[in-house]
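# Results of the structural survey
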Amino acid sequence: MKFNRKSLTLVLTDSVLINLAAFVSFYLRFEGNIPQEYCRTYYHTIWAGTLIYLLTFAFFGLYNRLWQYASINELISIIFAVFVGTGSVVLVIYFFAPMRYPNTVAVLFWLITTFLICGSRFILRILQDTVLSIPIPGIPKRVLIIGAGDAGALVIRELKNSNYREGYPVGII
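Overview of the structure. Counting from 1, residues in each chain are numbered in the order their sequence is written. For this predicted model, a pLDDT threshold of at least 70 governs which residues receive local features, and a threshold of 80 or more governs which side-chain atom pairs are given and counted, while totals over whole chains, interfaces and linings are taken from all residues. Side-chain numbers come from the whole structure's heavy atoms, not from hydrogens or water.

### A short note on the packing of helix α2 (residues 36-59) against helix α3 (residues 72-96)
Rules: Note on geometry: axes are C-alpha line fits, over the in-contact stretch for helices, and angles between N-to-C directions span 0 to 180 degrees. Secondary structure counts use DSSP, requiring at least four H or I residues in a row for a helix and at least two E residues in a row for a strand, with both numbered from the N terminus. For any helix crossing, the convention is left-handed if the near helix is rotated counterclockwise from the far helix by under a right angle, and right-handed if that rotation is clockwise. Throughout, a residue-residue contact means that at least one pair of heavy atoms, one from each residue, lies within 4.5 Å.
Following both chains from N to C, one finds α2 and α3 inclined at 145°, their axes separated by 9 Å at the closest point. Judged by the sense of rotation from one axis to the other, the crossing of α2 with α3 is right-handed. Contact residues: α2 offers T45, G49, I52, Y53, T56 and F57, while α3 offers A81, V82, V84, G85, T86, S88, V89, V92 and I93.

Structure (structure tokens):
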């Protein structure tokens, strides 16, 4: 796998989010009063859990995608990757850790990790589609698009991504 700046940023972000999800899972399960033995289990296993997740995400290709074009297929990939990652972490902890995660922590860990990883990937897309797409001043050319299929949708998306510098779609034939 070839890393560039964006994929390295995603790896670092994912590392932080995985650790946050694990801590929040324990915090919610024990209502803020985490027993000492579970704190030790958390501290002894979180490095392995983070590594397992990152390897799983790389295997599922989450670092090779263009997230500004994220869609349902990417969402499904994230859900599967987090499911496999959580299952792997739980199995490793079950066989190698002195103490296991409570079942509710594992479920919370999966839910929170899914939410955080999906959120981190799609927040860029949401910002790009709303806040970052401020139209440039002036009157852009009006464009009539011929072809209402996938190619027409792609043309509209490209015009929108370029802040309508090349033209503003007014109709599709």
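### What to know about α3
Stated precisely, the cut-off is as follows: Multiplying 1.5 Å by the residue count of a helix minus one yields the expected span of that helix. Throughout this description, buried means an accessible area under 20% of the type-specific maximum (1.4 Å probe, protein chains only), exposed means over 50%, and partly exposed covers the range between.
In this model, α3 (25 residues) spans 36 Å end to end at C-alpha, consistent with the 36 Å of a helix rising 1.5 Å per residue. Listing the buried residues of α3 in full gives E74, S77, I78, A81, V82, G85, T86, V89 and I93.

### Observations concerning the environment of T45
Looking at where T45 falls in the secondary structure, it is placed in helix α2. We classify T45 as buried; its relative accessible area is 8%. Residues T45 and V89, 44 residues apart in the sequence, show an inter-C-alpha distance of 8.8 Å.

### What about the pattern of salt bridges?
Using the following cut-off: Whenever a carboxyl oxygen of Asp or Glu lies within 4 Å of a side-chain nitrogen of Lys or Arg, that contact is scored as a salt bridge.
Taken as a whole and assessed by the stated rule, the structure comprises one salt bridge. The partner of D14 in a salt bridge is R121, and the shortest N-O contact between them spans 2.8 Å. A residue pair is termed long-range when its members are at least 10 positions apart, and D14 in helix α1 (residues 5-29) and R121 in helix α4 (residues 103-129) qualify at 107 residues. Like R121, D14 is buried.

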